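Observations on the three-dimensional arrangement
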Amino acid sequence: MTVTDIKQQKKDKSRYSVYIDGEYAFSLIMEDILYFGLKIGEDISDSVYDYITETTLYIKAQDSALKYLGYRMRTEKEIEDRLISEDYGEEVCQKVMDFLKKYNYVNDREYCEKYIRETMKLRPKGSYLIKTELKNRGVAEEVAEEAVRRAGIDELSVAEQLLEKKYEGFADMDNKELSRVYGYLQRRGFSYGVIKEAVADLAEKGI
């Protein structure tokens with residue numbers, strides 16, 4: 001195997017892409033390139049190549065994932081995308097994900113529970129929107145649906161609380177005002193049926 005090129009990356013100038021036999025092999029920081037003595041036109045031994053791909057890159061990818069998790073909880077997909085964006089190969093990514101799952105650093109079910117709990121506390125919304133947001137973060141549809149179901153969200157009560165804070169005079173609202181009310185809750189992920197019932201309940205209460 002021969003190192004045929006070493007190129008500084010444009011998106012991260014601290015990293016360099018190493019090409020072996022004309023094909024991209026891996027990316028390293030300059031300190032590692034110097035440490036392993038990688039030079040264009042010179043051979044790289046099997047032992048050095050294996051150590052870089054199986055040990056060095058794995059340790060760096062693991063450190064990157066743990067640092068990324070240090071800011072807040074992440075979904076499996078978010079971590080995988082992060083590692084891929086840093087040019088770690090499929091085998092390295094899978095090895096890191098196996099480690100993170102084994103020691104419970106990443107758990108999509110726990111992520112969903114925490115996300116729903118914090119969402120309903122800080123910015124309440126309907127089940128549909130919550131499931132959509134979780135799926136957009138890479139959570140499997142069945143996991144997101146199960147989490148929302150287990151959370152037991154009382155959508156009618158939540159919808160009424162949101163409306164009470166924002167509007168009043170529900171019994172006397174004209175179509176234009178009702179349209180604004182419906183639009184507000186629809187954007188927060190509530191179904192037409194829940195909104196209709198919430199407005200009717202508030203009107204009946206004289207709010």
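Placed above this text is the structure.
Just so it is clear, the structure is predicted and the values come from calculations on it, not from any experiment.

Description of the overall build of the protein chain
When helices and strands are tallied, the protein chain shows 10 helices and three strands. Each helix and strand of the protein chain, ordered N terminal to C terminal, gives the series β-β-β-α-α-α-α-α-α-α-α-α-α. A compact globule built from 207 residues would reach a C-alpha radius of gyration of about 17 Å, whereas the protein chain, at 26 Å, exceeds it by more than 25%. Principal axes of the C-alpha set define a box for the protein chain whose edges measure 85 × 35 × 25 Å. Looking at the protein chain residue by residue over its 207 residues, the buried ones come to 40%. Looking at the protein chain alone, contacts between residues at least 24 apart form 55% of all its contacts between residues at least 6 apart. For the protein chain, the computed accessible surface area is about 12,700 Å², with 46% contributed by carbon and sulfur atoms. Averaging the coordinates of the 34 positive side-chain charges in the protein chain and doing the same for the 41 negative ones gives two points 6 Å apart.

With respect to the packing of helix H6 (residues 127–136) against helix H7 (residues 141–151)
The angle between the axes and the distance between the axes are what describe a pair of packed helices. Taken N-terminus to C-terminus, the directions of H6 and H7 make an angle of 145°; their axes are 9 Å apart at the nearest point. Our pair here, H6 against H7, has a crossing hand that is right-handed. On the side of H6, the interface is formed by Ser127, Ile130, Lys131, Leu134 and Lys135, while H7 contributes Glu141, Ala144, Glu145 and Val148.

Description of helix H2 (residues 46–69)
Between its terminal C-alpha atoms H2 stretches 33 Å, which fits the 34 Å expected from 24 residues at 1.5 Å a residue. Among the residues of H2, Ile52, Thr53, Thr56, Leu57, Tyr58, Ala61, Gln62, Ser64, Ala65, Tyr68 and Leu69 are the ones counted as buried. Each element contacted by the buried residues of H2 is listed here: strand S3 (23–29), helix H1 (30–35), helix H3 (76–85) and helix H4 (90–102).

Overview of the packing of H2 against H3
Relative to each other, H2 and H3 sit at 130°, their axes nearing to 10 Å. Here H3 runs oblique to H2, going by the angle between their axes. Crossing geometry of H2 relative to H3 is assigned as right-handed. Facing Ala61, Ser64, Ala65, Tyr68 and Leu69 of H2, the residues of H3 in contact are Glu78, Ile79, Arg82 and Leu83. For the contact of H2 with H3, a count of residues per class yields six nonpolar, one polar and two charged.

A short note on the environment of Phe26
Here Phe26 shows up in strand S3. Judged by relative accessible area, which is 1%, Phe26 ranks as buried. Sequence separation of Phe26 and Glu155 is 129 residues, and the distance between their C-alpha atoms is 50 Å. Here Phe26 is in contact with Tyr16, Ser17, Val18, Ile20, Leu38, Ile44, Tyr49, Ile52, Thr53 and Leu57, once residues within four sequence places are set aside.

With respect to the side chain of Ser27
Positionally, Ser27 belongs in strand S3. In this structure Ser27 touches Gln9, Arg15, Tyr16, Ser17, Leu57, Glu86 and Asp87, once residues within four positions along its chain are discounted.

A look at the side chain of Glu160
Topologically, Glu160 is positioned in helix H8 (residues 155–166). Separated by 3.4 Å, the side chains of Glu160 and Lys205 make a polar contact. When neighbours within four sequence positions are excluded, Glu160 is seen to be in contact with Glu197, Ala198, Asp201, Leu202 and Lys205.

Notes on a negative patch on the surface
A contiguous patch of negative charge, built from Asp46, Asp50, Glu54, Glu90 and Glu91, is present on the exposed surface. Among the elements of the structure, H2 and H4 are those that each provide at least two residues to the negative patch. With three residues, the single largest contributor to the negative patch is H2. Note that Glu91 resides in helix H4. Judged by its relative accessible area of 71%, Glu91 falls in the exposed class.

What counts and how
- Residues numbered from 1 in each chain as written.
- Predicted model: local features only at pLDDT ≥ 70, side-chain atom pairs only at ≥ 80, totals over all residues.
- Heavy atoms only, no water.
- Helix = DSSP H or I, 4+ residues; strand = E, 2+ residues; numbered from the N terminus.
- Rg over C-alpha atoms; globule rule 2.2 N^0.38 Å.
- Buried < 20%, exposed > 50% of the residue type's maximum accessible area, 1.4 Å probe, protein only.
- Contact = heavy atoms within 4.5 Å.
- Areas by Shrake-Rupley, 256 points an atom, 1.4 Å probe, with all protein chains shown as cover.
- Lys, Arg positive; Asp, Glu negative; His and termini not counted.
- Charge placed at Lys NZ, Arg CZ, Asp CG, Glu CD.
- Axes fitted to C-alpha atoms, helices over the stretch in contact; angles between N-to-C directions.
- Left-handed = near helix turned anticlockwise from the far one by under 90°.
- Expected span 1.5 Å × (residues − 1).
- Parallel < 35°, antiparallel > 145°, perpendicular 65-115°, else oblique.
- Nonpolar A, V, L, I, M, F, W, Y, C, P; charged D, E, K, R; others polar.
- Polar contact = N/O pair within 3.5 Å; in protein donor to acceptor, adjacent residues only side chain to side chain.
- Patch = residues over 30% accessible without salt bridge, like charges linked within 9 Å, V, L, I, M, F, W, Y side chains within 5 Å.
- Salt bridge = Lys/Arg side-chain N within 4 Å of Asp/Glu carboxyl O.

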